[in-house]
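Chain residues, written in single-letter form:
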Number of protein chains: 2
Amino acid sequence: MSRYPHFSFTYKRTSQKHAGRRGSLNTPHGILETPAFIFCATKAAIKAATIDQVRACGTQIILSNTYHLMLQPGSKLIKKMGGLHKFCAWNGPMLTDSGGFQIFSLGHGSVADEIKGARRHVDRKSTVKISEEGALFKSYIDGKKHLLTPEKSIEIQRDLGSDLMVVFDECTPFHVDKNYTAASMRMSHRWGLRSLAEFDRGNDGKQALYGIIQGGVYEDLRKESVDFTNDQGFFGVAVGGSLGASKDQMYEVVQMVLPRLLPERPVHLLGIGGVRDIFSGVRQGIDTFDCVHPTRIARHGWALVKGGEKERINLMNAQFREDPNPIEEECPCETCTTYSRAYIHHLLKAKEILALQLVTLHNITYMNRLMAAIRQALETDSLDEEEKKWLSGLDGS
Amino acid sequence: MSRYPHFSFTYKRTSQKHAGRRGSLNTPHGILETPAFIFCATKAAIKAATIDQVRACGTQIILSNTYHLMLQPGSKLIKKMGGLHKFCAWNGPMLTDSGGFQIFSLGHGSVADEIKGARRHVDRKSTVKISEEGALFKSYIDGKKHLLTPEKSIEIQRDLGSDLMVVFDECTPFHVDKNYTAASMRMSHRWGLRSLAEFDRGNDGKQALYGIIQGGVYEDLRKESVDFTNDQGFFGVAVGGSLGASKDQMYEVVQMVLPRLLPERPVHLLGIGGVRDIFSGVRQGIDTFDCVHPTRIARHGWALVKGGEKERINLMNAQFREDPNPIEEECPCETCTTYSRAYIHHLLKAKEILALQLVTLHNITYMNRLMAAIRQALETDSLDEEEKKWLSGLDGS
């Protein structure tokens, strides 16, 4: 019997100009049309929106974080409640990460900054101890020590019952040398094998496992990681670790990886959610993206807008005080069909939490519309034209 | 031409046992079936729910507060945006208060405590100066001084465009003597006349004005206030001022007022929202109620439940950690048809703002179901039986 009897991935490449592909990923909770954006329900909730609203915004797939859920409320409780899908009432495809990303970011502050190379001071020893066995860390809730191993991560993800699981890895920071990156990558490979072995021990066919490509910004290491991962029986592949310090470097790192990957496996790019980066990644053959960005900036009043001077506007800005227009005229979301920018501006000024909900609904809808437009453009080989519609007002930065 | 060409109120009394009445209040934004509960959208928002959700919870009518909106974003801005209905996208009946209630509570802390007699220390002089002209107060936002007069309050409510407006009054605290209460009441009567005169100057037929009955806990003053108010051309009447220090005293105060009121006018009881108090008020002939209670306690994790040992449960409580049941099995709201108590408990523990939204949706639905059940019970003269269903587990306190 196949390792992944209830999963399949089909795709077609439609362009001579780039490696973008239009795919369909079958899961036990339905089909995910790709390229797709995965929204972060970190603690089993998209913070400012109900799951009905998330669905109504056109969402196909969400993810939750093993690290947060293992600490609160605990994966055994979620299992007892019927699994994560039932717990948070999401009936579509769902991904869980391995917990590594968050654990290794504890010493760094912002995880995203670290991955993207923006943070300089690394002091991970203070909170996380890494050994061949796994990662020993303290809970941010009660200070209690936890050891997360590849086996434990898979067990937790099995309790959660996500469709797509990810192997446990060390999330290598940007500012370590090549030797550290190489050693870390090889340990992550060994952890990947242990993750897969544990996966096989409890495989009921309802979940699929993604491997992770490490190797930092080093081409030889990335190739080594791709070759290793291709040889293992993963269903999909995630591009992880440091993606460099700039958009150009991220492009280069992804380019070191994608052409060598087994084409039949779906590819996820971890933690990337900017519009320009998504178009770039799609051209390189990325199938899925995730990022807290669209929902996080919403809670600070930033609304995503198509084809403006900037990719986003802040509705706190005084210029919107008397603006009777919706965030976006053409947007079909509950927010844009119901409320003006002036109203949301008022809510933000008055610190009314409804504002967070309204901008969240818009930004989720925006990302889903973006991905739908990208899928459509792939069908008709018109990705360049489509990109111009979304980024028309932006400079090249 | 009638002062209120687009408003009418009809009712029927159905019981020999009490004065409860089943009514219909016609407004330019639709019919309000009474008895009804009015939800507080203080700053033009039910904090944790979109207006579509508020409607889906069965809501007939909301209110906003003149005091908050005059300070932020300002009534002129709301007028410019097409009025309060359009601004917050509520297309049903809406009430605005006069601003008095909030202004006079500035010196007291909790408004509700003051009205209900629970607060002892009155220091209103520090922030509010009252004269025959009106109330001079400082904005809580920027410290700027504002003078609110009866004329100004009506002008603001006209800018807001609510269906039901309320005259400007001094909200007499509980712990003042009878002389103060009497003098305050008579000034409120003069303010009521000025409010009505200002109302008439700009009356376009699309709004209706409520007078307010003052007089504290003193029977002769309450009767004087009723007689005065009956003589003026108000559309409806609100029972305001101090309602005493206990539920018994509140009953007595309402009883001093209701039997003397002109029966053709709808009667609103200000700031009362407990289930037992609502049943009591309905029996006395109250048509509408308002209170921040159902939505405010929701944001602290308290869910209203029918017929339990208590009127409400706090989902933060550890007993709900593994409770797979909805808040209420029979409740048709989005929360109860989608999520378990265990999930909401988790959200509250994890400080996820989705929890506030979910409990808010339930509590709004609960109040609307309560009022629908009360209206039905009035039709069939079975209010006692209905009350037992809602309060079965409660002691007599």
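Because the structure is predicted, anything quoted here is derived from the model rather than measured. (Residues numbered from 1 in each chain as written. Chains lettered and ligands numbered in written order. Predicted model: local features only at pLDDT ≥ 70, side-chain atom pairs only at ≥ 80, totals over all residues.)

Looking at the packing of helix 14 (residues 341–349) of chain B against helix 15 (residues 354–379) of chain B
All names here are of chain B.
In step 1: Running from N to C, helix 14 and helix 15 point in directions that differ by 135°, and their axes come no closer than 8 Å. When the interaxial angle is binned, helix 14 and helix 15 end up oblique. Counting all contacts with helix 14, which are made through Ile 344, Leu 347 and Leu 348, the residues of helix 15 involved are Leu 354, Ala 355, Leu 358 and Val 359.
In step 2: Residue composition of the contact of helix 14 with helix 15, by class: seven nonpolar, no polar and no charged. (Axes fitted to C-alpha atoms, helices over the stretch in contact; angles between N-to-C directions. Helix = DSSP H or I, 4+ residues; strand = E, 2+ residues; numbered from the N terminus. Parallel < 35°, antiparallel > 145°, perpendicular 65-115°, else oblique. Contact = placed C-beta atoms within 7 Å. Nonpolar A, V, L, I, M, F, W, Y, C, P; charged D, E, K, R; others polar.)

A closer look at the interface of chain B and chain A
In step 1: If you look at the interface, chain B gives 34 residues, while chain A gives 34 residues.
In step 2: Counting only elements with at least two residues in the side of chain B that touches chain A, the list comes to helix 1 (51–56), helix 3 (75–80), helix 4 (84–88), helix 13 (334–338), helix 14 and helix 15 of chain B.
In step 3: Residue contributions to the side of chain B that touches chain A peak at five residues, all from helix 14 of chain B.
In step 4: Taken together, the residues that form the side of chain B that touches chain A break down as 20 nonpolar, six polar and eight charged.

Here's the deal with the domain arrangement of chain A
Residues and elements named next belong to chain A.
In step 1: For chain A, the assigned domains are domain 1 (8–291) and domain 2 (303–391).
In step 2: Between domain 1 and domain 2, the C-alpha centre-to-centre distance is 27 Å.
In step 3: Opposite the 22 residues of domain 1 that make contact, domain 2 presents 21 residues.
In step 4: Elements with a minimum of two residues in the side of domain 1 that touches domain 2: strand 4 (36–40), helix 1 (51–56) and helix 11 (275–284).
In step 5: At five residues, the largest contribution of residues to the side of domain 1 that touches domain 2 is made by helix 11.
In step 6: In terms of residue class, the side of domain 1 that touches domain 2 is made up of 11 nonpolar, seven polar and four charged. (Domains from an automatic or database assignment.)

Observations concerning the nonpolar core
In step 1: Ile62(A), Tyr210(A), Ile62(B) and Tyr210(B) are the most contacted members of the largest nonpolar core, which totals 232 residues.
In step 2: Non-local contacts of Tyr210(A), meaning those with residues more than four positions away in its chain, are made with Leu164(A), Met165(A), Val166(A), Val167(A), Phe234(A), Phe235(A), Gly236(A), Val237(A), Ala238(A) and His268(A). (Core = buried A, V, L, I, M, F, W, Y, C linked by C-beta atoms within 7 Å. Buried ≥ 20, exposed ≤ 12 C-beta atoms within 10 Å, placed from the backbone.)

Observations regarding the sheet that holds strand 8 (residues 135–138) of chain B
Residue and element names in this part refer to chain B.
In step 1: The antiparallel open sheet is built from three strands, whose spatial order is 7-8-9. Looking at which strands have only one partner, the edges of the open sheet turn out to be strand 7 (128–130) and strand 9 (145–148). Sheet twist, expressed as the mean angle between neighbouring strand axes with direction ignored, is 20°.
In step 2: In the sheet, strand 7 pairs with strand 8 via three bridges, with the strands oriented antiparallel. Directly across from Lys 129, in strand 8, lies its bridge partner Leu 136. (Pairing = 2+ DSSP bridges.)

Focus: the sheet that holds strand 1 (residues 8–13) of chain A
Residue and element names in this part refer to chain A.
In step 1: Taken in spatial order, the three strands make up an open sheet running 1-2-3, and their pairing is antiparallel. Two strands in the sheet have a free side with no partner beyond their single neighbour: strand 1 and strand 3 (30–34). For this sheet, the mean inter-axis angle between neighbouring strands, taken without regard to orientation, is 15°.
In step 2: One ladder, built from six bridges, connects strand 1 with strand 2 (residues 21–27); its direction is antiparallel. The partner of Ser 8 across the bridge, within strand 2, is Asn 26.

Details of unusual backbone geometry
Residue and element names in this part refer to chain B.
In step 1: Omega for the peptide link from Thr 34 to Pro 35 comes to 0°, which places this bond in the cis form.
In step 2: On the secondary structure map, Pro 35 appears in the loop between strand 3 (30–34) and strand 4 (36–40).
In step 3: Of note in this structure, Lys 351 is not a glycine but carries a positive phi near 55°.
In step 4: Tracing the backbone through its elements, the reader meets Lys 351 in the loop between helix 14 and helix 15.

Brief notes about the relation of the copies chain B and chain A
In step 1: Between the two copies, chain B and chain A, the superposition gives an RMSD of 0.0 Å; the rotation angle is 180° and the shift along the axis is 0.0 Å. One copy is carried onto the other by what is essentially a two-fold rotation axis.
In step 2: A shared interface surface links the copies, since 100% of the contact residues of chain B are contact residues in chain A too. (Least-squares fit on C-alpha atoms with pLDDT ≥ 70 in both.)

Regarding helix 11 of chain A
All names here are of chain A.
In step 1: Counting buried positions along helix 11 gives eight out of 10 residues, so the element sits mostly inside the fold.
In step 2: What helix 11 keeps buried is the set Val 275, Asp 277, Ile 278, Phe 279, Ser 280, Gly 281, Val 282 and Arg 283.
In step 3: Tucked into the core, helix 11 has its buried residues touching helix 10 (247–257), strand 13 (267–269), strand 14 (288–290), helix 15 (354–379) and helix 16 (383–391).
In step 4: At the exit of helix 11 stands Gly 285, carrying a positive phi of roughly 105°.

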